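Structure at a glance
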Amino acid sequence: MSGRPLDVLEASLEDPVTVHLKDGTTYYGILAGYDQHMNVVIDPEESVSDRVDGDIDGEFAVAIEDTTIIRGDNVVSIKA
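About the thresholds
Residues numbered from 1 in each chain as written. Predicted model: local features only at pLDDT ≥ 70, side-chain atom pairs only at ≥ 80, totals over all residues. Heavy atoms only, no water. Helix = DSSP H or I, 4+ residues; strand = E, 2+ residues; numbered from the N terminus. Buried < 20%, exposed > 50% of the residue type's maximum accessible area, 1.4 Å probe, protein only. Polar contact = N/O pair within 3.5 Å; in protein donor to acceptor, adjacent residues only side chain to side chain. Salt bridge = Lys/Arg side-chain N within 4 Å of Asp/Glu carboxyl O.

1. Considering the environment of Asp 73
Along the polypeptide, Asp 73 turns up in the loop between strand S6 (68-70) and strand S7 (75-79). The class for Asp 73 is partly exposed, based on a relative accessible area of 46%. In the structure, Asp 73 is positioned 34 residues away from Asn 39 in sequence and 7.6 Å away in space, judged by C-alpha atoms. Reaching out from Asp 73, the side chain makes a polar contact with the side chain of Arg 71 at a distance of 3.1 Å.

2. Comments concerning the pattern of salt bridges
Counted under the stated rule, the structure contains two salt bridges. The salt bridge partner of Arg 4 is Asp 7, with a shortest N-O separation of 3.0 Å. The exposed category is assigned to Arg 4, whose relative accessible area is 59%.

Below you can see the structure in the form of structure tokens.
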């Protein structure tokens, strides 16, 4: 997948994503929305009751439990 950042986010809507923040925290959930500032809305995975915080791609990630808005200024990367 290549292209402009917002095009990549558009293609990743409703897909599971891992969001890495400046403070080192990593969250995972379903990408529900975004805006031109790359603020993102993350929803919990439907199977979140079966999943716990844990190792995602060699890093500790926190499962989103409720719909969460993350300010784009805090985001380092988003992996689909």
